[in-house]
Every structure is written in structure tokens, then in C-alpha cells.
Protein chains: 4
Amino acid sequence: MVPAVKKDATTRLKRIAGQIGGIQRMVDEDKYCIDILTQIAAVRAALDKTGMVILKSHLQNCVADAVREGKTNEAVEELDRILTKFI
Amino acid sequence: MVPAVKKDATTRLKRIAGQIGGIQRMVDEDKYCIDILTQIAAVRAALDKTGMVILKSHLQNCVADAVREGKTNEAVEELDRILTKFI
Amino acid sequence: MVPAVKKDATTRLKRIAGQIGGIQRMVDEDKYCIDILTQIAAVRAALDKTGMVILKSHLQNCVADAVREGKTNEAVEELDRILTKFI
Amino acid sequence: MVPAVKKDATTRLKRIAGQIGGIQRMVDEDKYCIDILTQIAAVRAALDKTGMVILKSHLQNCVADAVREGKTNEAVEELDRILTKFI
């Protein structure tokens, strides 16, 4: 990961950790289920965005390198397996 | 939320907070992108499961109460809005 | 399903069938992959919306009836199983 | 798309078209909502699988070509936009 991506991912994960703490407090204080679910959906979206940032960096660097080294198939198989977990 | 659900959700959120910390360390230590993405997918699945636990409790309690009080439409509109964020 | 929901679902499914036919033609005519994927994403969203229309009707009618007949748990277990397939 | 992928995608889309027809009949014959939703979830999974087949082919061919031609960034931006529609 290039420094800018690493910093972006770190900032996003720190914010997500804070959101998880907020949800823990909501559960603890018996907040309304729908409000808790709204926050869980927000973390889910934030997590997907973080995944996309890392995936984009992976495509730009690791996958591009693999293509240049004639290892396209291996890189694509790996991508296929990880994308299946998200889609 | 009944005590058993509250305890279950709390345990799940605590585990998710630990997983997020693990991902932050992986980014910090420049681990391989695909391994980081695998962990992000795992947290996403854990979050969805936590959401389902809370949703199930909401259906069994709040929605059932709303039906008994003749407020089915309001409860369904609310469910519709939250489910759209997850599906 | 009440008549209005049945009609809405039927209209949506007819449109989706047309979109699938369009994607088949795109594949047949060797259109650009990304354009085909864009259409697949559109059908997926249309399918999810159709599912939500049917789910909403199910909540307003079958689930509400189940609550009134004291069969909340059975209805919620069933909902839990189907929602897990979508989330 | 290479011939094998084209044939695979065509077969999948034909099967999906048949499944959509089946769902239309279920709605028409007032089948139980949960059974209809189960079929919709099945089509959704089949569509995602079709998308993955096309995406994999796109990565192996178009993206690999783009990298070799020094157009990695354009290819990655395009992938990023399409993946966001699926994730």
C-alpha cells in the first residue's frame, strides 16, 4: 500500500472503531433497535468503502505488477475469491 | 431488547471491536491487501449477523406489540426503511 | 398478496424479464463487459426492489395475522431465514 | 469475451430468464410470499454468479491489456465504479 492509501485506510478504520464503540453504548443504554440498526448499516457502508479503497490500491499495484510478470491468472483467481466474499 | 439478546449483541460487538483493532494492526504492519480484505469481509459478516440478532428481537417484541396496538403500518414502514439499507 | 401488490410485482417482473433479454442480446453482440455488468447491477437492484415490495406485503398481512393468532415466533423464524438470504 | 465465457454467460442468462418466468407464475397463482422471496434470492445469487463470470473474464482480458498498454489507472477507475454497484 502506498502511504496515502495506508493513511486513508487507517483514518477510516479509526472512525469505524469509534462507531462500533458508539453502537456498544447504544445497546448498553437500551436505545431503540431501529436506531441501533441504522448505525450498524452505517458501519457496514463505511467498512465496504474501506474495502474498496484497499481493493483499488491492490488493483493499481499488485494486480498490475502480476500482469507485467505474466502472473495474470493467479492474480485474477485471488481477486475472484475475495470479491465473492463481498458480492 | 431482552437481557439474552442484549448480552449476545454486546458479546458480538466486543468481538467486532477486537477484529477492527486487528485490521488496523495489519494495515500498520503492511500485511498483504488480500489478507486485509479477507478480514474486512469477516467483520462485515459478523456485523450483518449482529444486525440480524437485533432485527429478530425487534420483530418479536416491538413489531408484535405494534400489531397488537393496531400500528402495523407504521412498524412496517419503519422496517422497510431499515431493510433497504441492508439489502 | 393484495391485488395492488400483485399487479406491482407482476409489472416489475415483466420489466426484469425484458432487461434479462436485453443482457442476453448484449452478450450475443459482444458488447463491452462493463456495460453488461452495469445492466446486471440494474437487474439486481430491480430484483431487490421487487423482493422488498413482496416482503412489505408479507409483513403487513401474513406476519400481522400470525401475531394476532399467537404465532409470532414461527413467523419471525421464517423471516429470519429468508432475510439471511438477502443480507 | 472468449467463446467459453460467452457460452457460459449465455447459459446462465437463459436459466435466469426461466427462473423469472417461474416467479411470474408463482405471483400469478398466489403462491406463499416466502416461497416467492426464496426464488427471488436464488435469481439474485445466479445473477451475481453471472456477473462474477463476466468480471473475471474482463480482468483476465481487458484489464490485463490495459496494464500492458500503460492504461492501468483508467481500467481501475472503471472497475471501481462498477464494483461499487455490486458491493
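Below, the structure is looked at part by part. No experiment lies behind these values; they were computed from the predicted model shown.

**Re the overall build of chain A**
Here is step 1: Helix and strand counts for chain A stand at three helices and zero strands.
Here is step 2: Traced from its N-terminal end to its C-terminal end, chain A shows the element sequence α-α-α.
Here is step 3: Over its C-alpha atoms chain A spans a radius of gyration of 17 Å, topping by over 25% the 12 Å that the globule rule assigns to 87 residues.
Here is step 4: For chain A, the C-alpha atoms occupy an extent of roughly 55 × 25 × 15 Å along the three principal directions.
Here is step 5: Within chain A, the proportion of its 87 residues that are buried is 47%.
Here is step 6: If you take every contact in chain A between residues at least 6 apart in sequence, the share linking residues at least 24 apart comes to 57%.
Here is step 7: Summed over all atoms, the accessible surface of chain A reaches about 4,100 Å², with 50% contributed by carbon and sulfur.

**Let's talk about the relation of the copies chain A and chain B**
Here is step 1: The two copies are related by a screw operation: chain A maps onto chain B through 180 degrees of rotation and 0.0 Å of translation along the axis, at an RMSD of 0.0 Å. What we have between these two chains is a two-fold relation.
Here is step 2: Looking at the interface residues of chain A, 100% of them are also at the interface in chain B, so both copies use one shared face.

**Concerning the interface of chain A and chain B**
Here is step 1: Contacts between the two partners involve 36 residues from chain A and, on the opposite side, 36 residues from chain B.
Here is step 2: Approximately 3,600 Å² of surface area, both sides summed, lies buried where chain A meets chain B, with 74% of it carried by carbon and sulfur atoms.
Here is step 3: The interface formed by chain A and chain B includes ten residue pairs in polar contact (both at pLDDT 80 or more).
Here is step 4: When residues of the side of chain A that touches chain B are traced back to their parent elements, those giving at least two are helix 1 (3-28), helix 2 (33-68) and helix 3 (72-86) of chain A.
Here is step 5: Broken down by element, the side of chain A that touches chain B gets its largest block of residues, 17 residues, from helix 2 of chain A.

**Overview of the side chain of His58 of chain B**
Here is step 1: Inspection of the secondary structure assignment puts His58 of chain B in helix 2 (residues 33-68).
Here is step 2: Taking the relative accessible area as the measure of exposure, His58 of chain B reaches 1% and is therefore buried.

**Digging into unusual backbone geometry**
Here is step 1: Despite not being glycine, Asp30 of chain A has its phi angle at roughly 55 degrees, a positive value.
Here is step 2: By the element assignment, Asp30 of chain A lies in the loop between helix 1 and helix 2.

**Regarding the packing of helix 2 (residues 33-68) of chain C against helix 2 (residues 33-68) of chain D**
Here is step 1: Two elements in contact, helix 2 of chain C and helix 2 of chain D, have axes whose closest approach is 10 Å; the angle formed by their N-to-C orientations is 165 degrees. As summarised for this structure, helix 2 of chain C and helix 2 of chain D are arranged roughly antiparallel, according to the angle between their axes. When the axes of helix 2 of chain C and helix 2 of chain D are compared, the crossing they make is left-handed.
Here is step 2: For the contact of helix 2 of chain C with helix 2 of chain D, a count of residues per class yields 20 nonpolar, six polar and four charged.

Reading guide: rules and limits
- Residues numbered from 1 in each chain as written.
- Chains lettered and ligands numbered in written order.
- Predicted model: local features only at pLDDT ≥ 70, side-chain atom pairs only at ≥ 80, totals over all residues.
- Heavy atoms only, no water.
- Helix = DSSP H or I, 4+ residues; strand = E, 2+ residues; numbered from the N terminus.
- Rg over C-alpha atoms; globule rule 2.2 N^0.38 Å.
- Buried < 20%, exposed > 50% of the residue type's maximum accessible area, 1.4 Å probe, protein only.
- Contact = heavy atoms within 4.5 Å.
- Areas by Shrake-Rupley, 256 points an atom, 1.4 Å probe, with all protein chains shown as cover.
- Least-squares fit on C-alpha atoms with pLDDT ≥ 70 in both.
- Buried area = accessible area lost by both parts, 1.4 Å probe.
- Polar contact = N/O pair within 3.5 Å; in protein donor to acceptor, adjacent residues only side chain to side chain.
- Axes fitted to C-alpha atoms, helices over the stretch in contact; angles between N-to-C directions.
- Parallel < 35°, antiparallel > 145°, perpendicular 65-115°, else oblique.
- Left-handed = near helix turned anticlockwise from the far one by under 90°.
- Nonpolar A, V, L, I, M, F, W, Y, C, P; charged D, E, K, R; others polar.

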